[in-house]
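# Structural overview
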Amino acid sequence: MAGTDRLRQITEAVRQAGRLGVAELAELTGASEMTIRRDLEALAAQGVLERYRGGARSLLLRGDEPPFAMRVHDGLETKRRIAAEAARLIADGESVVVDSGTTCLEVAHALKGRRLTVMPLSLHAANALTDAPQLTLLVPGGRPRQGELALTGPLTLASLAALRFDTAVIGCCGLDAVNGLTAYDLDDAAVKRAAIASARRVIAVTEGSKFSHTALAFVTPASALHSVVTDEHAPEDQIEALSATGVTVRQV
């Protein structure tokens, strides 16, 4: 099992159980106890769990999102295909606001060679665009969330309120035709709403696994989206339900 996959499995197992021992995790993953101890130290450094002698206890609630460092490599090729398709929907000369999150980070990479004006809503994406030769980069104010480096707070909201974009590219933690687009974090949800309000068109980018999932913070109804770009694993019933609201769904 690859290291990133093992870390994800450990995180989820400890979160579900509350606490687990090293021997239990070694049996679950097929890794040695020495490897599990190293993994637990790495996860403890990320704030995912707390070590105790012989095991670890979770610091994540069941509704919490896994850390950025774990998600950024998860399904990377799928995220890149989604990002490439979203980039094809954007014409040269447009002004674009790009949300935070790992899929939106790939969208930022996909836009690097384009003649666009782009405001990224995370420092990860801003850093990815700093050396783009034709692109005009706008950086909002705000407070970066630890690890995620998503910009939030009054300065971010004020930056978005001051501008009008052709397109907003929005990520999500959950997307459902009935419950709409949702996020784990309340501050993040407020920024997403402000980005949507500032744009003429909204493109949501998400892996198929996030369909039919509803996170804590409501962002917008599905009918507010113009397009959704996802992968082939998106549930057919959700695609049909979204299409019925007038949303164009593109699968890659």
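A brief structural summary. Model, not experiment: these values are computed from the prediction.

As a further point, take the overall build of the protein chain. On a plain count of helices and strands, the protein chain comes out with 10 helices and 15 strands. In the protein chain, buried positions account for 51% of the 252 residues. For the protein chain, the share of sequence-separated contacts (at least 6 apart) that also reach a separation of at least 24 residues comes to 59%. Here the protein chain has roughly 11300 Å² of accessible surface; of this, 52% comes from carbon and sulfur atoms. One finds the centroid of the 27 positive side-chain charges in the protein chain at a distance of 4 Å from the centroid of its 30 negative side-chain charges.

Glancing now at the sheet that holds strand β11 (residues 180-183). The strand order across the open sheet formed by three strands is β10-β11-β13, and the pairing between neighbours is antiparallel. Edge positions in the open sheet fall to β10 (174-176) and β13 (217-220), since each of these has one partner strand only. Across the sheet, the mean angle from the axis of one strand to that of its neighbour is 30°, orientation sign disregarded. Bridging between β11 and β13 involves three bridges; their strand directions are antiparallel.

Turning to the pairing of strand β4 (residues 95-98), a few remarks are in order. Of the two faces of β4, the one carrying Ser95 and Val97 and the one carrying Val96 and Val98 are both buried. Alignment of β4 against strand β5 (residues 117-120), held across four bridges, turns out to be parallel. What sits directly across from Ser95, in β5, is Thr117.

Both the distance between ring centres and the angle between the ring planes are used here to describe each pair of aromatic rings. The full count for this structure, using the stated rule, is zero aromatic pairs. Directly above the ring of Tyr52 sits Arg19, whose terminal nitrogen or CZ lies 5.2 Å from the centroid.

Here we come to the sheet that holds strand β9 (residues 165-170). Sheet architecture is open: seven strands sit in the order β6-β5-β4-β9-β12-β14-β15, paired in parallel fashion. Two strands close off the open sheet at either side, each with one partner strand: β6 (136-137) and β15 (248-251). By the bridge criterion, two bridges tie β5 to β6 in an arrangement that is parallel. Bridge assignment links Thr117 to a residue of β6, and that residue is Thr136.

So, how was this worked out
- Every chain is numbered on its own, with residues counted from 1 as its sequence reads.
- Confidence filtering applies because this is a predicted model: local features only for residues at pLDDT of at least 70, side-chain atom pairs given and counted only at 80 or more, and all residues used for totals across whole chains, interfaces and linings.
- Hydrogens are left out, water is left out, and the side-chain values use all remaining heavy atoms of the structure.
- Secondary structure elements follow DSSP: runs of H or I of four or more residues count as helices, runs of E of two or more count as strands, with numbering from the N terminus.
- When a residue's accessible area, from a 1.4 Å probe over protein chains only, is under 20% of the maximum for its type it is buried; when over 50% it is exposed; and in between it is partly exposed.
- The contact criterion used is simple: two residues touch if any of their non-hydrogen atoms lie within 4.5 Å.
- Under the convention used here, a 1.4 Å probe and the Shrake-Rupley method define accessible areas, while residue burial counts only the protein chains that appear.
- For the purpose of counting charges, residues Lys and Arg are taken to be positive, whereas Asp and Glu are taken to be negative. His and the chain ends are not included.
- To locate a charge, take NZ of a lysine, CZ of an arginine, CG of an aspartate or CD of a glutamate.
- Any two strands between which DSSP finds at least two bridges are classified as paired.
- An axis is simply a line fitted to the C-alpha atoms; with a helix, the fit covers only the stretch in contact. Between two such axes, the angle follows the N-to-C directions and lies from 0 to 180 degrees.
- Two aromatic rings, drawn from Phe, Tyr or Trp (for Trp, its six-membered ring), form a pair once their centres lie within 6.5 Å of each other, and the interplanar angle then sorts them: stacked below 30 degrees, edge-to-face above 60, tilted otherwise.
- Counted as over-ring charges are cases with an Arg CZ or a Lys NZ within 6 Å of the ring centre that also lie within 35 degrees of the ring normal.

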